[in-house]
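Residue strings, one per chain:
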Amino acid sequence: MKKLAIISTFILGLAATSCDSYLDINESPNSPKESDLNASILFPAAEMNLAGSYGDFLRIAGGYYAQYYVQTFGTSNYLDYSRFEMSATRSSGTYTQLTSRTQKNLQLVRDIAKEKQNWGDYLAATVLRAFTYQVLVDCYGEVPYTEALDVSNPTPKYDDGQTIYAGILSELDEALSNAKASDPVCTNLLFPGQTADPWIKFANALKLKIYSRMGGADAQIGAIISEGNLPTSDIAFKGCWSSEAGHISPFYAEEFPSGWGSTQINVVANVAIIGTMQQSAYTDPRLKAFFSPNSDGQYVGGISGTNFSTSKTYKSTYWCRPVASYDMPVYLLTMAELDFFISEYYARQGKADMAEAYYNLATAYSIRSAGYDDTAALAYAEDFAKQWPYDQSNYKKSIGIAKWIALAGVNPFEGYCELRRLKYPTFGEVKGSDMYNETDDSSYQPDKYKAGTLYTPIKVFGPVGDNQLLQRWPYPESSSARNTNAPAFPGYTTPIFWAQ
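Below: a short report on this structure. (Residues numbered from 1 in each chain as written. Predicted model: local features only at pLDDT ≥ 70, side-chain atom pairs only at ≥ 80, totals over all residues. Heavy atoms only, no water.)

**Looking at the environment of Lys238**
Part 1 of the argument: With respect to the secondary-structure elements, Lys238 resides in the loop between β4 (235–237) and α8 (250–255).
Part 2 of the argument: Measuring from C-alpha to C-alpha, the distance between Lys238 and Leu189 comes to 8.3 Å, with 49 residues separating the pair along the chain. (Helix = DSSP H or I, 4+ residues; strand = E, 2+ residues; numbered from the N terminus.)

**Observations regarding the packing of aromatic side chains**
Part 1 of the argument: Applying the stated criterion to the full structure yields 37 aromatic pairs.
Part 2 of the argument: Both rings, one in Tyr64 and one in Tyr81, keep their centres 6.1 Å apart while their planes meet at 65°; by these two values the pair is edge-to-face. Here Tyr64, found in helix α1 (residues 39–65), pairs with Tyr81, found in helix α2 (residues 79–82); they are 17 residues apart in sequence, far enough to count as distant.
Part 3 of the argument: Residue class for Tyr64 comes out buried when judged on its relative accessible area of 0%.
Part 4 of the argument: A residue is classified by how much of its surface remains accessible, and Tyr81, at 1% relative accessible area, is buried.
Part 5 of the argument: Over the aromatic face of Trp498 sits the side chain of Arg213, whose NZ or CZ is 5.3 Å from the ring centroid. (Phe/Tyr/Trp six-rings, centres within 6.5 Å; stacked < 30°, edge-to-face > 60°. Buried < 20%, exposed > 50% of the residue type's maximum accessible area, 1.4 Å probe, protein only. Lys NZ or Arg CZ within 6 Å of the ring centre and 35° of its normal.)

**Remarks on helix α4 (residues 119–140)**
Part 1 of the argument: Look at α4: 31 Å from first C-alpha to last across 22 residues, which is about the 32 Å you get at 1.5 Å a residue.
Part 2 of the argument: Of all 22 residues in α4, 22 are buried; the element is thus mostly enclosed.
Part 3 of the argument: Positive phi appears at Gly141, one or two residues downstream of α4, with a value of about 90°. (Expected span 1.5 Å × (residues − 1).)

**Brief notes about the packing of helix α11 (residues 335–348) against helix α14 (residues 395–407)**
Part 1 of the argument: Two numbers describe how α11 lies on α14: the axes approach to 11 Å, and their chain directions differ by 180°. Regarding the angle of α11 to α14, the classification is roughly antiparallel. Taking contact as the criterion, the partners of Glu337, Phe340, Phe341, Ser343, Glu344, Ala347 and Arg348 in α11 are, on α14, Tyr395, Ile399, Ala402, Lys403, Ala406 and Leu407.
Part 2 of the argument: In terms of residue class, the contact of α11 with α14 is made up of eight nonpolar, one polar and four charged. (Axes fitted to C-alpha atoms, helices over the stretch in contact; angles between N-to-C directions. Parallel < 35°, antiparallel > 145°, perpendicular 65-115°, else oblique. Contact = heavy atoms within 4.5 Å. Nonpolar A, V, L, I, M, F, W, Y, C, P; charged D, E, K, R; others polar.)

**Considerations on the nonpolar core**
Part 1 of the argument: Core analysis: the largest hydrophobic core is formed by 156 residues, its most contacted members being Leu123, Trp199, Phe202, Phe237, Phe291, Trp404 and Trp473.
Part 2 of the argument: Broken down by element, this core gets its largest block of residues, 15 residues, from α4.
Part 3 of the argument: Beyond its immediate chain neighbours, meaning those up to four positions away, Phe202 contacts Val127, Leu128, Phe131, Leu190, Phe191, Pro231, Ile235, Leu332 and Leu333.
Part 4 of the argument: Counting five residues, the second largest nonpolar core, distinct from the first, contains Ala364, Ile367, Tyr372 and Ala381. (Core = buried A, V, L, I, M, F, W, Y, C linked by side-chain atoms within 4.5 Å.)

**Comments concerning the environment of Ile405**
Part 1 of the argument: Locating Ile405 in the fold gives a position in helix α14.
Part 2 of the argument: Separated by 154 residues in sequence, Ile405 and Phe251 place their C-alpha atoms 19 Å apart.
Part 3 of the argument: Ignoring any residue separated from it by four or fewer positions in sequence, one finds Ile405 in contact with Ile273, Thr276, Met277, Asp284, Arg286, Phe290, Phe384 and Trp388.

**Quick word on the pattern of salt bridges**
Part 1 of the argument: Tallying each qualifying case throughout the model produces 20 salt bridges.
Part 2 of the argument: Between Arg213 and Asp138 there is a salt bridge, with its nearest N and O atoms 2.8 Å apart. With Arg213 in helix α6 (residues 197–214) and Asp138 in helix α4, the pair connects residues that are 75 residues apart, well separated along the chain. Each member of the pair Arg213 and Asp138 is classed as buried. (Salt bridge = Lys/Arg side-chain N within 4 Å of Asp/Glu carboxyl O.)

**Remarks on unusual backbone geometry**
Part 1 of the argument: A cis geometry characterises the amide bond from Tyr424 onward to Pro425, with omega recorded as 0°.
Part 2 of the argument: If you trace the backbone, Pro425 turns up in the loop between α15 (412–422) and α16 (432–435).
Part 3 of the argument: Although it is not a glycine, Phe84 sits at a positive phi angle of roughly 65°.
Part 4 of the argument: One can find Phe84 in the loop between α2 and α3 (92–116).
Part 5 of the argument: Of note in this structure, Lys459 is not a glycine but carries a positive phi near 55°.
Part 6 of the argument: With respect to the helices and strands, Lys459 occurs in the loop between α16 and α17 (477–480).

**Some remarks on the environment of Ala113**
Part 1 of the argument: By secondary structure assignment, the location of Ala113 is in helix α3.
Part 2 of the argument: Considered as a pair, Ala113 and Val185 are 72 residues apart in the sequence and their alpha carbons are 10.0 Å apart.
Part 3 of the argument: Those residues in contact with Ala113 that lie beyond four places of it in its chain are Asn118, Asp121 and Tyr122.

**Description of helix α5 (residues 161–178)**
Part 1 of the argument: Between the first and last C-alpha of α5 there are 26 Å, a value that for 18 residues agrees with the 26 Å anticipated at 1.5 Å per step.
Part 2 of the argument: Those residues of α5 not exposed but buried are Gly161, Ile164, Tyr165, Gly167, Ile168, Leu169, Glu171, Leu172, Ala175 and Leu176.
Part 3 of the argument: Close packing links the buried residues of α5 with α3, α4, β2 (143–144), β3 (158–159) and α6.
Part 4 of the argument: Between the side-chain oxygen at the start of α5 and the backbone nitrogen of Gln162 there is a gap of 3.1 Å, and the oxygen is on Asp160. (Polar contact = N/O pair within 3.5 Å; in protein donor to acceptor, adjacent residues only side chain to side chain.)

Laid out in structure tokens, this is it:
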């Protein structure tokens, strides 16, 4: 393994702060007048709406579509996701939260900051605005952008994904051109008590990610890498959650609500990720950080697209669950993701040694984020490279599988996006119905699964069909129902522009 001597000391968390006054995002106990609104009131509210959507709904849906998760027995909350389905109503609430709440608050911050020439605030709001628009494109392909957020226009046009990506890149460049590293930034939860410096680094990393998704922008990517002004630790909302109701990290609040009496279990591990991380001669060191063992101390995953029997064998304690806690971070961009993008850049340049080095470094960062020190992370990354070696002749496969694994316990939505873009892992020969027959409990045969592949769910959503992913979501009803400018839905298997 070629080791780059650039792994910095692991930062255990962002500076501690309290989110208590910002987490109840749908309430405004002080009801400030519009004239009293300022960036320090608006910005944390925007952050919490973003964290609430990205860290809960998008994590869950992405987890099912990337075959990290399956639906446990006896409940059907996400059985449609498990079958690769999304309806126009399912995502409407999240779309509204990301637009009418997150984006509108961010735009107000930008307006206030521009008027007062507070360029640190302006940059921070622009970075999260760009991040949120990128997420919307990655779900729907086309959404209102150039005519969005105008309350006087109930029928804004839908812009295509490339136009939006180009637009947010321009917005980032404009904000970066005005900001200095020492500029102060209003009260915020992502980089509390900081200047614009970490926001500049986040903006550069986000640009690198957007350019990587767009394709054909290696000159721009190379310039960002050469400049080197990039993050040195994962970017996440962390250190700001508590065990108090209303202040709990979103995924945990949604899926582990035993604190207020609920016993319902929905999300459990998928045989695909368990079977990839745990093989006969190799167990990925991140497995125990990503998933909890079952009641027998074993790692067992279920099959997409089915509700397992309620027999004694398949009670909820039979399956592994995602590791989660009330203070779990909501990751926006990790060092592992960043270095996989850089690895991919060098692969396209034909620089195999550099591509392999960053491939291994990305894995090491991922392992370190799972709780290991630098020495152990590097050693385990070497072991991983023996199991999943870098192959310059098919770098998309190498990076695609390694990235899919790395994102499983950290950011399932991004795992789903990169799965569509890189097209790896691919579908194997085995289908879900080959591993489990719903009429016969004894038919469960996870050993048929081949590591590093996907499989067609049992009772897969018909418009998606066999050996295909759900490529895009139907336009949300909350946006399209009364908008005469809403385009015709191009179909569930029509890729987003960056996956074509």
